[in-house]
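This is what each chain is made of:
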Amino acid sequence: MARPPLAPLLKVDDGFRGPKLDPYVYSDHVISSTTTLSPDHVLLTIPLSAASRESFSPNAPLPLGSTTSHTPQNPERDPAEITVQHVMIKQPDLQIERPYTPVNDPGLDGEMRLVVKRVRGGEVGRMLHSRHANELVGLRGPLTTFSIIPEAYDRIVMISSGTGVAPFLQLLASLPPQSSDPTRKAGRYHLVHLKPDSEQVDWAATSGLLPRLQEKLSYDLSTYRPEKIQKSSIQKALGSSDRSHILVLVCLPPHLMRPLCGLLGPNLEQGPITGILGELGLDNRHVWKLE
Ligand SMILES: Cc1cc2nc3c(=O)[nH]c(=O)nc-3n(C[C@H](O)[C@H](O)[C@H](O)COP(=O)(O)OP(=O)(O)OC[C@H]3O[C@@H](n4cnc5c(N)ncnc54)[C@H](O)[C@@H]3O)c2cc1C
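Everything quoted here is computed from the prediction, not taken from an experiment.

### Concerning the site of the ligand
(1) Moving on: The immediate surroundings of the ligand are formed by 17 residues, with Pro99, Tyr100, Val115, Lys117 and Gly125 found nearest.
(2) Moving on: One of the backbone N or O atoms of Thr101 is found 3.0 Å from an oxygen atom in the ligand.
(3) Moving on: One of the backbone N or O atoms of Lys117 is found 2.8 Å from an oxygen atom in the ligand.
(4) Moving on: For the ligand, whose accessible area on its own is 930 Å², the fraction buried by protein is 65%.
(5) Moving on: Among the elements of the structure, β7 (96-100), β8 (111-117) and α3 (123-129) are those that each provide at least two residues to the shell around the ligand.
(6) Moving on: Here the shell around the ligand is composed, by residue class, of seven nonpolar, five polar and five charged.

### Notes on the UniProt feature "binding site: FAD" (unreviewed entry) in the protein
(1) Moving on: Those places that UniProt annotates as "binding site: FAD" (unreviewed entry) correspond, in this numbering, to Arg98, Pro99, Tyr100, Val115, Lys117 and Val124. Across 27 residues, the annotated set stays spatially compact, with a maximum C-alpha separation of 13.1 Å.
(2) Moving on: Secondary-structure assignment places Arg98 in strand β7.
(3) Moving on: Filtering out sequence-adjacent residues up to four positions away, Arg98 remains in contact with Val87, Met88, Ile89 and Val124.
(4) Moving on: Following the sequence through the fold, Pro99 ends up in strand β7.
(5) Moving on: Using a relative accessible area of 44% as the deciding quantity, one classes Pro99 as partly exposed.
(6) Moving on: Excluding its chain neighbours within four sequence positions, the residues that come into contact with Pro99 are His86, Val87 and Met88.

### Let's talk about the sheet that holds strand β5 (residues 41-47)
Sheet strands line up and pair through hydrogen bonds in the backbone, either parallel or antiparallel.
(1) Moving on: Strand order in this open sheet of three strands is β4-β5-β8, and the pairing throughout is antiparallel. Only two strands of the sheet have a single partner each, and these edge strands are β4 (33-38) and β8. In this sheet, adjacent strand axes meet at a mean angle of 20° when their direction is disregarded.
(2) Moving on: Pairing analysis gives seven bridges linking β5 to β8, with the strands arranged antiparallel. Among the inter-strand pairings, Pro47 is bridged to a residue of β8, identified as Glu111.

### Side note on the pairing of β7
Two faces make up the sheet, and in a regular strand the side chains alternate between them.
(1) Moving on: As paired elements, strand β6 (residues 82-91) and β7 share five bridges and run antiparallel to each other. Counted as the bridge partner of Gln91 is Ile96 from β7.
(2) Moving on: Linkage of β6 to β7, two consecutive antiparallel strands, is achieved through a turn of four residues, within which Gln95 is found at a positive phi near 55°.

### Some thoughts on the sheet that holds β7
(1) Moving on: Ordered in space as β3-β9-β6-β7, the four strands form an open sheet in which the pairing is antiparallel. Among the strands making up the open sheet, the edge pair consists of β3 (27-30) and β7. Adjacent strand axes in the sheet meet at a mean angle of 45° when their direction is disregarded.
(2) Moving on: As paired elements, β6 and strand β9 (residues 136-148) share seven bridges and run antiparallel to each other. The residue of β9 that forms the bridge with Met88 is Arg140.
(3) Moving on: Strands in contact with helix α4 (residues 166-173) are β6 and β9; relative to β6, the strand with the most contacts, it is inclined by about 135°.

### Points about the environment of Cys251
(1) Moving on: Within the fold, Cys251 resides in strand β13 (residues 246-251).
(2) Moving on: As for Cys251 and Ile159, which are separated by 92 residues in sequence, their C-alpha atoms are 6.2 Å apart.
(3) Moving on: Among residues more than four places away in sequence, those in contact with Cys251 are Ile159, Ser160, Ser161, Gly164, Pro167, Phe168, Leu290 and Glu291.

### Some points on the nonpolar core
(1) Moving on: One finds Met158 and Leu172 to be the most contacted residues of the largest nonpolar core, which totals 32 residues.
(2) Moving on: Those elements giving two or more residues to this core turn out to be β6, β9, β10 (155-160), α4, β11 (189-193), α5 (203-206), α6 (209-217) and β13.
(3) Moving on: The dominant element in this core, judged by the number of residues it contributes, is α4, at six residues.
(4) Moving on: Residue-level mapping places this core at the junction of two domains, with at least three residues from each of domain 1 (19-146) and domain 2 (153-289).
(5) Moving on: Residues within four places of Met158 in sequence aside, it is in contact with Phe168, Leu171, Leu172, Tyr189, His190, Leu191, Val192 and Leu249.
(6) Moving on: In terms of nonpolar packing, the next biggest core, distinct from the first, is built from 23 residues, Val157, Leu238, Val248 and Leu260 among them.

So, how was this worked out
- Residues numbered from 1 in each chain as written.
- Predicted model: local features only at pLDDT ≥ 70, side-chain atom pairs only at ≥ 80, totals over all residues.
- Heavy atoms only, no water.
- Near = heavy atom within 4 Å.
- Polar contact = N/O pair within 3.5 Å; in protein donor to acceptor, adjacent residues only side chain to side chain.
- Areas by Shrake-Rupley, 256 points an atom, 1.4 Å probe, with all protein chains shown as cover.
- Helix = DSSP H or I, 4+ residues; strand = E, 2+ residues; numbered from the N terminus.
- Nonpolar A, V, L, I, M, F, W, Y, C, P; charged D, E, K, R; others polar.
- UniProt positions renumbered as here; feature names shortened; annotations may be inferred.
- Contact = heavy atoms within 4.5 Å.
- Buried < 20%, exposed > 50% of the residue type's maximum accessible area, 1.4 Å probe, protein only.
- Pairing = 2+ DSSP bridges.
- Axes fitted to C-alpha atoms, helices over the stretch in contact; angles between N-to-C directions.
- Core = buried A, V, L, I, M, F, W, Y, C linked by side-chain atoms within 4.5 Å.
- Domains from an automatic or database assignment.

As structure tokens, then:
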């Protein structure tokens, strides 16, 4: 395999002048740092130029054809709407691309932080794990993962395992700190994130990503760390209140998603809500399955 290209001098006196991200066209972006979070997880930091940063801002127009979960695409976006976004990364040798979700708010931070898992036989993961600081990576984006108006819900329950927590970390990172918004309903956010097996690193905790969000959001965020997805822990996160203003976002691999709520359809359609969430009386009005 050819050696990855090195970044040209990208830091200039008046700020960072990298290429502009485009949802449809690839451009090369420098990796400013890589941090090993576990033998299988690396954190890549990719600085954004001012123009790229703008494309993550709440006012940026959504890419053409973007679908949102519970709100139709709207060129005049509701200021209360939060859009979680991902980028596509390509493996230039094989001409394949895979989506990755920043675990931070790139518009706020001026950089993307991506946690990449290396899976057996996985090409893009392997390529990204071999990258070093100051090397380039081909990116396009951002693209909408989902979009919500949190104020429309009394309770937002997020259920994930592994890197499936990334869209929820981004959502939580984009919320203002607990104390700064007096109108925000306390206790709205509930994250059920499976604890990895004892021999695996709980990188969401050890990296400080989750503890920092917990500290920022205080009692606005309740975090549950069960070892298995069980009805009891889901029930606890759902609470006992009225279900009419509840949203459950699920980002799990198929073997965990199936018993919880049923799989996405072959064309990524939502499909009926079955399993534990179906038994608890939830349906497609309440549940949104993420790929
Ligand atoms: C919207 C979206 C956002 C995503 N965000 C992230 C992210 O932030 N971080 C991240 O690491 N991944 C993320 N993924 C998954 C990522 O896009 C790739 O699928 C994953 O990195 C594997 O790609 P690969 O080319 O390395 O392996 P592939 O060549 O695609 O797969 C190799 C083998 O590994 C299996 N495999 C794929 N993923 C996993 C897994 N998670 N665990 C175990 N086996 C697996 C495949 O079924 C296949 O058999 C996201 C996926 C989507 C749809």
